[in-house]
Amino acid sequence: TQSRSSAASDVYKRQTLTILFTPGPTNTLLASSGVQVGVRKSLLLIPAEALGYIVAITAWGMLIGKVSTALPLLPTFLKLMSAGYILYLAIKLWRTANQQVALNQPTIRPRELLFATLLNPKALLFASAIFPAVAWKNHDIYLVHMSVFVGLILPIALFWISVGAMLATNKVKWLSQSKLQRTASVVLISFSIPISYSALINLE
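As a starting point, this report considers the structure included with it. (Residues numbered from 1 in each chain as written. Predicted model: local features only at pLDDT ≥ 70, side-chain atom pairs only at ≥ 80, totals over all residues. Heavy atoms only, no water.)

1. Some details on the overall build of the protein chain
The secondary structure content of the protein chain amounts to eight helices and zero strands. In the protein chain, the succession of α and β elements from N to C terminus is α-α-α-α-α-α-α-α. Expressed as a percentage of the 204 residues in the protein chain, the buried residues total 41%. Put simply, 88% of the contacts in the protein chain that link residues at least 6 apart link residues at least 24 apart. In the structure as shown, the protein chain presents an accessible area of about 11300 Å², 67% of it carried by carbon and sulfur atoms. (Helix = DSSP H or I, 4+ residues; strand = E, 2+ residues; numbered from the N terminus. Buried < 20%, exposed > 50% of the residue type's maximum accessible area, 1.4 Å probe, protein only. Contact = heavy atoms within 4.5 Å. Areas by Shrake-Rupley, 256 points an atom, 1.4 Å probe, with all protein chains shown as cover.)

2. Notes on the packing of helix 3 (residues 45-70) against helix 7 (residues 139-169)
Direction vectors running N to C along helix 3 and helix 7 enclose 140°, while the axes themselves pass 10 Å from each other. On the basis of the axis angle, helix 3 is oblique to helix 7. Pair helix 3 / helix 7 crosses with right-handed handedness. In this structure, helix 3 contributes Ile-46, Glu-49, Ala-50, Tyr-53, Ile-54, Ile-57 and Thr-58 to the contact, and helix 7 contributes Tyr-142, Met-146, Phe-149, Val-150, Ile-153, Leu-154, Ala-157, Leu-158 and Ile-161. (Axes fitted to C-alpha atoms, helices over the stretch in contact; angles between N-to-C directions. Parallel < 35°, antiparallel > 145°, perpendicular 65-115°, else oblique. Left-handed = near helix turned anticlockwise from the far one by under 90°.)

3. Re the packing of aromatic side chains
Applying the stated criterion across every chain, the model contains 10 aromatic pairs. Judged by centre distance (5.3 Å) and plane angle (45°), the rings of Phe-21 and Phe-159 are tilted. Of this pair, Phe-21 sits in helix 1 (residues 2-21) while Phe-159 sits in helix 7, and the two are 138 residues apart along the sequence. Here Phe-21 falls in the partly exposed class, since its relative accessible area comes to 22%. Classification of Phe-159 by relative accessible area gives partly exposed; the value is 30%. Aromatic side chains Phe-159 and Trp-160 sit 5.5 Å apart centroid to centroid with 85° between the ring planes, which places their arrangement in the edge-to-face category. Looking at Trp-160, the relative accessible area reads 7%, which means it is buried. Grouping aromatic residues by their ring pairs yields a cluster made of Tyr-12, Tyr-53, Phe-126, Phe-131, Trp-136, Tyr-142 and Phe-149. (Phe/Tyr/Trp six-rings, centres within 6.5 Å; stacked < 30°, edge-to-face > 60°.)

4. Some remarks on the side chain of Thr-26
Tracing the backbone shows Thr-26 in helix 2 (residues 25-42). Residue classification places Thr-26 among the buried positions, given a relative accessible area of 1%. Thr-26 has contacts with Glu-49, Tyr-53, Leu-113, Ala-116, Thr-117 and Asn-120, leaving out every residue within four places of it along the chain.

In short, geometric facts, not functional conclusions.
Written as structure tokens, this is what we have:
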């Protein structure tokens, strides 16, 4: 039982890291801030990202937990939708890999990052497909998974802020948006398969 729990925890961490790493609205804003004001000043954005995800994921999770009692197939349906969204995101990242993302945006403030994260589709993905369904019924399990999630936000946020700062200096020749997006695309495609499989198994 303990080995199964440890394996499940490892899978949860890998899935969370994969989705958090993927380029999206929040990560683009973090990179933009890195370009404009550097790493140190951009650190103020990380608590805003964490708060945005906590609120959005919890809201979606509680809604799913309540509605799934009346609609037991809803979690499975949302998992399939999430897998479809991941596949769509992977294809979009690959096709737009050579299109430059606008990083010269107005200076990003914590409030703007908070709202961008609240509206980030990844929050629904985390609530429906990454967090275990039991997390929305058991307070202790919810706290454990949310604590791990928040702990994983820090290194990923630092990564994207640092990417922006490095792109601003043009010192790292091998680092490019195209390489990052195509790597993320391949990882996402491989990631969508087990989510789809687990959802389809529940339909049997």
